[in-house]
Amino acid sequence: MADTTTRPAAETPSTRPDPLGYLADEIAELEATHLYRPLRVMTGAQAVTTVMDGRPVISLSSNNYLGLTTHPRLVQAALDAVRDLGVGSGAVRTIAGTMELHQELERRLAAFKHTEAVLTFQSGFTANSGVIPTITTERDLIVSDELNHASIIDGVRLSKAARAVFPHRDVDGLERVLREARDKGGPNGPYEHVLVITDGVFSMDGDIAPLPGICEVAERYGAAVMVDDAHASGVLGRNGRGTIDHFALHGRVDIQIGTLSKAIGVLGGYVAGRQHLRDYLIQRSRPFLFSTSHPPAVAAACLAAIDVLEQEPERIERLWENTRFFKAGLQALGFDTGVSETPITPVIVRDSEKAGRMSDRLFELGIFAQAVVYPTVALDKARIRTIVTSEHTRDQLQQCLDAFATVGRELRII
Ligand SMILES: *Cc1c(COP(=O)(O)O)cnc(C)c1O
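Please read these numbers as outputs of a predicted model, since none were measured by experiment.

Rules of the game
- Residues numbered from 1 in each chain as written.
- Predicted model: local features only at pLDDT ≥ 70, side-chain atom pairs only at ≥ 80, totals over all residues.
- Heavy atoms only, no water.
- Domains from an automatic or database assignment.
- Contact = heavy atoms within 4.5 Å.
- Buried area = accessible area lost by both parts, 1.4 Å probe.
- Helix = DSSP H or I, 4+ residues; strand = E, 2+ residues; numbered from the N terminus.
- Polar contact = N/O pair within 3.5 Å; in protein donor to acceptor, adjacent residues only side chain to side chain.
- Axes fitted to C-alpha atoms, helices over the stretch in contact; angles between N-to-C directions.
- Parallel < 35°, antiparallel > 145°, perpendicular 65-115°, else oblique.
- Left-handed = near helix turned anticlockwise from the far one by under 90°.
- Pairing = 2+ DSSP bridges.
- Buried < 20%, exposed > 50% of the residue type's maximum accessible area, 1.4 Å probe, protein only.

### Focus: the domain arrangement of the protein chain
When its domains are assigned, the protein chain resolves into domain 1 (34–65 + 314–410) and domain 2 (72–311). In this structure, domain 1 and domain 2 have C-alpha centres spaced 27 Å apart. The interface of domain 1 with domain 2 comprises 21 residues on the first partner and 20 residues on the second. Taken over both partners, the interface formed by domain 1 and domain 2 buries close to 1500 Å², and the fraction arising from carbon and sulfur atoms is 61%.

See the structure below:
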């Protein structure tokens, strides 16, 4: 059933003035401008076909790229861990919350990513917000792609370092920023360290960062490079090793962020890099020090996911076949799919109200494809963001294309 928690009845009528009443005004404003999106509630598992708000749908909105959320090997690994080790870890990693499974997952991920070491975090979000402020000081500079993920932006906000953005995927623009910084320095003199940060795959447009160029420029200016591969893990590179593997840049990216919550199908984030990076984060990173570690079932399921990535590469092949079919279908219908190069394909509608109406009409036709509006994307870039998975059948994707055709014509988008 639809989420009702966002629309509570006035269950405790009170004469006391509501000091948070301004939030209700803000919501009314969002509704008036078609920027308010209610939660849809899923019955059953995260899968290609599911039930949303009581309606059976084909989903085009999950990050479950490889269908691993319900993979029998992951499910069994989680069940075994629950039976043997219980449901919670009971402490932060640095006190009593480091289990053998956590360490084993980090060793496996490091071997998989071809890095010296890995440290896991509770989520990809906490990995970014926990790494960036920990390794930078007020004498440093962070240079970030203008379309980087919110968790990178928050990590940068938590840092005392100076900050600059470079135009989206613009290597020359990055070089200009680095040159200026070298010539001018900061209020505390020349910068001690410079950190360049980019998403590997950009989550709203599905385009890929120009990493070879970024690495080359960063090397010339002595800057460290950090790549957030949340949407590339399990999708790009051999067996889904990510963009660094895709571009054969092993050893040239200092910090790789990955998520275990998307293609891996479970929950969590990690940082992959040098041993001293891991060792330092264990001593100083606040989400690592002050927030409880994963339940054992999470680590166990993630370990099983790495086995699946290594042993079932056909899932990634199917993902890309489906991506090509669906993207070509949308383009043949005349939709603006932007600059996507990955299974994330936006259908750019521009107007927020239209994007909301399009999503609602698709839903009535049995297709779940969420609208993404401001502030997740720019005000005039509202869109339906679609993500196909390895598990969609051709029939299901054709049904989706037919529904997009119908609704696109109704709303005069095509
Ligand atoms: C989803 C995402 C994250 C956050 O990962 P979670 O594990 O869901 O917290 C971080 N960075 C990027 C680029 C993402 O797309």
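So, next bit.
### Section: the environment of Glu 138
With respect to the helices and strands, the residue Glu 138 is situated in the loop between α4 (124–131) and β5 (141–145). Put simply, Glu 138 and His 193 are 55 residues apart on the chain and 10.0 Å apart in space, counted from C-alpha to C-alpha. With near-sequence residues (within four places) excluded, Glu 138 lies in contact with Lys 160, Ala 161 and Asn 188. In terms of polar contacts, Glu 138 uses its side chain to reach the side chain of Arg 139, at 3.3 Å.

### Here's the deal with the packing of helix α13 (residues 352–364) against helix α14 (residues 394–410)
With their axes 10 Å apart at the nearest point, α13 and α14 run at an angle of 135 degrees to one another. Relative to α14, the element α13 is oriented oblique. The handedness of the crossing between α13 and α14 comes out as right-handed. For the pair α13 and α14, the contacting residues are Met 358, Arg 361 and Leu 362 in the first and Ala 403, Phe 404, Val 407, Gly 408 and Glu 410 in the second.

### Points about the sheet that holds strand β2 (residues 49–52)
Strand order in the open sheet formed by four strands is β1-β2-β3-β12, with mixed pairing between adjacent strands. Lying at the two open borders of the sheet, with one neighbouring strand each, are β1 (42–43) and β12 (367–368). Relative to strand β3 (residues 55–59), β2 runs antiparallel, the two sharing four bridges. Looking at the pairing, Val 51 lines up with Pro 56 of β3.

### So, the side chain of Gln 396
Tracing the chain through its elements places Gln 396 in helix α14. Leave out the neighbours within four places in its chain, and Gln 396 touches Val 48, Thr 49, Ile 58 and Glu 391.

### Considerations on the environment of His 102
Counting through the fold element by element, His 102 comes out in helix α3 (residues 100–113). By relative accessible area, His 102 is classed as buried at 2%. The spatial distance from the C-alpha of His 102 to the C-alpha of Gly 234 is 20 Å, given a sequence separation of 132 residues. Dropping the residues within four chain positions of it, His 102 is found in contact with Ser 89, Arg 93, Gly 97, Ser 293, His 294 and Ala 299.

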